[in-house]
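Here's the letter readout for the chains.
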Amino acid sequence: MKTEKNILIAFLLNLSFSVFEFFGGIFTGSVAIISDALHDLGDAISIGISWYFERLSKKQPDKKYTYGYKRYSVVGGLITTTVLILGSLVVIINAVLRIFNPVSINYNGMIILAVIGTGINLCAAFFTKDGDSLNQKAVNLHMIEDVLGWLVVLVGAIIMRFTDIKIIDPLLSLGVAIFILINSVKNLKQITGVFLEKTPESLNVDKIKEHLLQINGVKDVHHIHLWSVDGESNYITMHIVCDNDFAKIKAEVKEELTHLGISHSTLEMENEEEACGEKECIVKETHCGHHHHHHHH
């Protein structure tokens, strides 16, 4: 619940602020501020979407979404990150153009606006700072970006006020935009990993296998599939070859898996006489023409 409320607060702060900022930009004549207002509006919209998806992601699994709705939160993160990437590209282009033809600006107004901007976005960044969801990470990156953006405008305005070097305004916004771009791309990689069912960063298949083989009675573990629904909760499926005491071994395996940080496991138990068509496939790394299908959700 907390994540969702925080994202909502960030959204409302951002939205009201971008409107205020737009008029401020017109009043000071700073292209930096007007383009930042549009950027903030984009932010606010994508944060609104994030909030909606974060809410959806709390719904319990049902027949339509048997894995639950958690991944909607990741979709929110994806949208937010995409907006960030596009936004920073636009800022970079604008800044480069303004390096070549500087504009004159009302510095005093700009300083006042920047102080207010820094304050408001600090609040928003504070509200979104502790969350584990990839969605909330993306929203928080937004907020940090806005704080940086405003600090930069503030510093720039103060320097320009006293030195009249107009090129500082675009140079500073260029720096921030590049910083955001790099972080967004990192975030995007993580999000894409979730969609591509990549093994979660914190887990290692070989290590898990090693742990399970130490359990008394477990002869072999194969056909392991490990993935994450939302970057937080991890799921695993596997085949276990073991002595006949299936129930006891299953309980021990599940306990060990929970201990390793996997919240949901589906285990298929086999005894040694049973020929598992899938076993050889894994060893040879070729998919034999057996009639089994990997039903990967």
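Preceding block: the structure.
Residues numbered from 1 in each chain as written. Predicted model: local features only at pLDDT ≥ 70, side-chain atom pairs only at ≥ 80, totals over all residues. Heavy atoms only, no water.

### With respect to the nonpolar core
It is characteristic of soluble globular proteins that their nonpolar side chains tend to be buried jointly.
Turning to step 1, where the next piece is worked out: Counting 18 residues, the largest nonpolar core has Ile208, Leu212, Ile236, Met238, Ile240, Val253 and Leu257 as its most contacted members.
Turning to step 2, where the next piece is worked out: Breaking this core down by element, the ones donating at least two residues are helix H7 (205-213), strand S1 (218-228), strand S2 (234-242), helix H8 (246-260) and strand S3 (264-270).
Turning to step 3, where the next piece is worked out: In this structure Val253 touches Leu212, Ile215, Val218, Ile240 and Leu267, once residues within four positions along its chain are discounted.
Turning to step 4, where the next piece is worked out: One finds Tyr107, Met110, Val153 and Ala157 within the second-largest nonpolar core, a separate group that totals 12 residues. (Core = buried A, V, L, I, M, F, W, Y, C linked by side-chain atoms within 4.5 Å. Buried < 20%, exposed > 50% of the residue type's maximum accessible area, 1.4 Å probe, protein only. Helix = DSSP H or I, 4+ residues; strand = E, 2+ residues; numbered from the N terminus. Contact = heavy atoms within 4.5 Å.)

### Observations concerning the environment of Arg55
Turning to step 1, where the next piece is worked out: Relative to the assigned elements, Arg55 resides in helix H2 (residues 31-56).
Turning to step 2, where the next piece is worked out: The partly exposed category is assigned to Arg55, whose relative accessible area is 43%.
Turning to step 3, where the next piece is worked out: Along the backbone, Arg55 and Ser73 are 18 residues apart, and their C-alpha atoms lie at a distance of 8.0 Å.

### Notes on the environment of Asp40
Turning to step 1, where the next piece is worked out: With respect to the helices, strands and loops of the structure, Asp40 is situated in helix H2.
Turning to step 2, where the next piece is worked out: Its relative accessible area of 0% is what places Asp40 among the buried residues.
Turning to step 3, where the next piece is worked out: It is 8.0 Å that separates the C-alpha atoms of Asp40 and Asp146, two residues lying 106 residues apart in sequence.
Turning to step 4, where the next piece is worked out: Every residue in contact with Asp40, bar those within four places of it in the chain, is listed here: Asn14, Phe17, Ser18, Glu21, Asp146 and Trp150.

### Regarding the packing of aromatic side chains
Turning to step 1, where the next piece is worked out: Within this structure, the stated rule accounts for 8 aromatic pairs.
Turning to step 2, where the next piece is worked out: Judged by centre distance (5.9 Å) and plane angle (25°), the rings of Trp227 and Tyr235 are stacked. Both residues of the pair, Trp227 and Tyr235, count as buried.
Turning to step 3, where the next piece is worked out: An aromatic cluster of three or more residues is present, and its members are Tyr52, Phe53, Tyr65, Tyr69 and Tyr72. (Phe/Tyr/Trp six-rings, centres within 6.5 Å; stacked < 30°, edge-to-face > 60°.)

### Comments concerning the packing of H7 against H8
Turning to step 1, where the next piece is worked out: It is the contact of H7 with H8, at a shortest axis distance of 10 Å, that shows an interaxial angle of 145°. With respect to the hand of their crossing, H7 and H8 are arranged in right-handed fashion. On H8, the residues touching Ile208, His211 and Leu212 of H7 are Val253, Glu256, Leu257 and Leu260.
Turning to step 2, where the next piece is worked out: Considering only residue class, the contact of H7 with H8 consists of 5 nonpolar, 1 polar and 1 charged. (Axes fitted to C-alpha atoms, helices over the stretch in contact; angles between N-to-C directions. Left-handed = near helix turned anticlockwise from the far one by under 90°. Nonpolar A, V, L, I, M, F, W, Y, C, P; charged D, E, K, R; others polar.)

### Quick look at the sheet that holds S3
Turning to step 1, where the next piece is worked out: The sheet built from 3 strands is open, its strands ordered S1-S2-S3 with mixed pairing. Single-partner strands in this sheet number two, and they are S1 and S3. Ignoring which end each strand starts from, the neighbouring axes of this sheet average 15° apart.
Turning to step 2, where the next piece is worked out: Inspection of the sheet shows S2 paired to S3 by 7 bridges, in the parallel sense. Pairing of His239 across the sheet is with Glu268, part of S3. (Pairing = 2+ DSSP bridges.)

### Description of H8
Each α-helix winds once per 3.6 residues, and so residues spaced three or four apart point in a common direction.
Turning to step 1, where the next piece is worked out: The terminal C-alpha atoms of H8 lie 21 Å apart, and with 15 residues this matches the ideal 21 Å at 1.5 Å per residue to within 8%.
Turning to step 2, where the next piece is worked out: By the burial criterion, the buried members of H8 are Ile249, Val253, Glu256 and Leu257. Taken down its axis, H8 places every buried residue within 100° of arc, on the same side. Looking at H8, the residues exposed on the side facing more than 90 degrees away from the buried face are Ala247, Glu255, Thr258 and His259.
Turning to step 3, where the next piece is worked out: Buried residues along H8 sit against H7, S1, S2 and S3.
Turning to step 4, where the next piece is worked out: Once H8 finishes, Gly261 follows within two positions and takes phi at roughly 100°, a positive value. (Expected span 1.5 Å × (residues − 1). Arc of directions from axis to C-beta.)

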